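Residue-level structural notes
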Amino acid sequence: MTTSPLLRPLAREVIASVFAQRAFSGLLFAVILASMVTIILTGGRSEAAQAAVLQTIDGQGTRSITVQIKTVQAELPFELIDELNSVEQIRGVVGFGPANDVTAASLPGGTRVALRPMYDPETSVAPRKGPVFSARSTPDAARLLGMPSGVGTVSSVEGLEYQVSGTLNLPRFLRVYEPMVASPVDAKSGVELTNATIVVESADAVRAVTKLVRSYFLEAPPESYSISTSEQLAKLRGVVDGELTRQGRATVTWVASATSTVTLLIVAGFVVLRRRDFGRRRALGATRMMIASIVLGQVLLVALCAIVAGAGSAILWMMASDGTAPPLPYVVAVSVMLACVCAVAAVVPAIAAASRDPMRELRVP
């Protein structure tokens, strides 16, 4: 309540100063606009490429661990799936039984699709026992079976029938099993699990979780099971992420340093040229804080306008040229950083302007 009467006159002074000093404002606007466009077209393009590369690597399963039972000397109990699912570093665990081929019951000679018993501790779908078992199919499997709606009956080569009640959209780490018809099972169904897929919270946790999984099979012969991990892929992800991040930061650092230097020189020249005006304001009662605030406010207002214009034009150019755009958090972070750099560069000239002796500046030679 007490500051608003002071802020309104200050805002008017800042806006009036921007329009009154068009040459200074235009030069500063052009410098910051060029800096923002340079950052987006170099660092922003690198950031967009980095996101695309990392997404491709993640699509290969950088956080997944696969356990496969090869002989009867090892087993994969349902209790182990439940126990692993409760580990803090593990996001999810899904177990599978042996695969069987099924076809649509109405098309015995149709395309065969693999049906896998699936145990997911997080699922709410309960297995249905009886002459007809429950199942769900992936969209690709439903299309191959001739059931576009994902609803129908399939038969296995052993003569078992499964009622498909809808489609199942598998998470990214399970898409290697597509196309597939999944039949939910539990510990009471009598089905043995032959493999499991584990996804961890981060690529850095792959090694620790792998050691934990191996500890459950210490008594089993090594040839009776296999554990495959994405540790090498996770290391590759870390190297790519670190290298591209360093390159992007180096570009932003150089551009920000150059912008800071040029902004300092422009604002210092502006303060020198307007020293008599600042002296007159001081003689008429303006405080040093008011003078410094006018200089900083003018720089920030021009900087914000230039940053918004530069970011918008650069993003539009990228989208028109190659269809990419930098992530929004990156654009926001760079914008805030550049605005802070311009404000910091203007602090020393603003203090110099506020420190002018009005009697000295107004003295007639």
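Computed from a predicted model, the values in this text were never measured in an experiment. (Residues numbered from 1 in each chain as written. Predicted model: local features only at pLDDT ≥ 70, side-chain atom pairs only at ≥ 80, totals over all residues. Heavy atoms only, no water.)

Looking now at the overall build of the protein. When you go through the protein residue by residue, the secondary structure sums to 11 helices and 10 strands. Going through the 365 residues of the protein one by one, you find that 40% of them count as buried. Of all intrachain contacts in the protein linking residues separated by at least 6 positions in sequence, the fraction that spans at least 24 positions is 80%. If you sum the accessible surface of the protein, you get close to 19700 Å²; carbon and sulfur atoms cover 61% of it. (Helix = DSSP H or I, 4+ residues; strand = E, 2+ residues; numbered from the N terminus. Buried < 20%, exposed > 50% of the residue type's maximum accessible area, 1.4 Å probe, protein only. Contact = heavy atoms within 4.5 Å. Areas by Shrake-Rupley, 256 points an atom, 1.4 Å probe, with all protein chains shown as cover.)

Along the chain, serine 183 falls in strand S8 (residues 181-184). Since its relative accessible area comes to 6%, serine 183 is described here as buried. Other than its neighbours up to four places away in sequence, serine 183 contacts Leu115, Arg116, Pro117, Met118, Phe133, Ser134, Ala135 and Tyr162.

So, on to the packing of helix H8 (residues 288-321) against helix H10 (residues 347-354). Following both chains from N to C, one finds H8 and H10 inclined at 145°, their axes separated by 8 Å at the closest point. Considering the relative orientation of H8 and H10, their crossing is right-handed. Counting all contacts with H8, which are made through Arg288, Ile291, Ala292, Val295 and Leu296, the residues of H10 involved are Val347, Ala350, Ala353 and Ala354. Across the contact of H8 with H10, the residue classes break down as eight nonpolar, no polar and one charged. (Axes fitted to C-alpha atoms, helices over the stretch in contact; angles between N-to-C directions. Left-handed = near helix turned anticlockwise from the far one by under 90°. Nonpolar A, V, L, I, M, F, W, Y, C, P; charged D, E, K, R; others polar.)

Looking now at a nonpolar patch on the surface. A cluster of nonpolar side chains, namely Leu328, Val332 and Val336, defines an oily patch on the protein surface of about 280 Å² accessible area. Among the secondary structure elements, leucine 328 is positioned in helix H9 (residues 328-345). Residue leucine 328 is classed as exposed on the basis of its relative accessible area, which comes to 62%. (Patch = residues over 30% accessible without salt bridge, like charges linked within 9 Å, V, L, I, M, F, W, Y side chains within 5 Å. Salt bridge = Lys/Arg side-chain N within 4 Å of Asp/Glu carboxyl O.)

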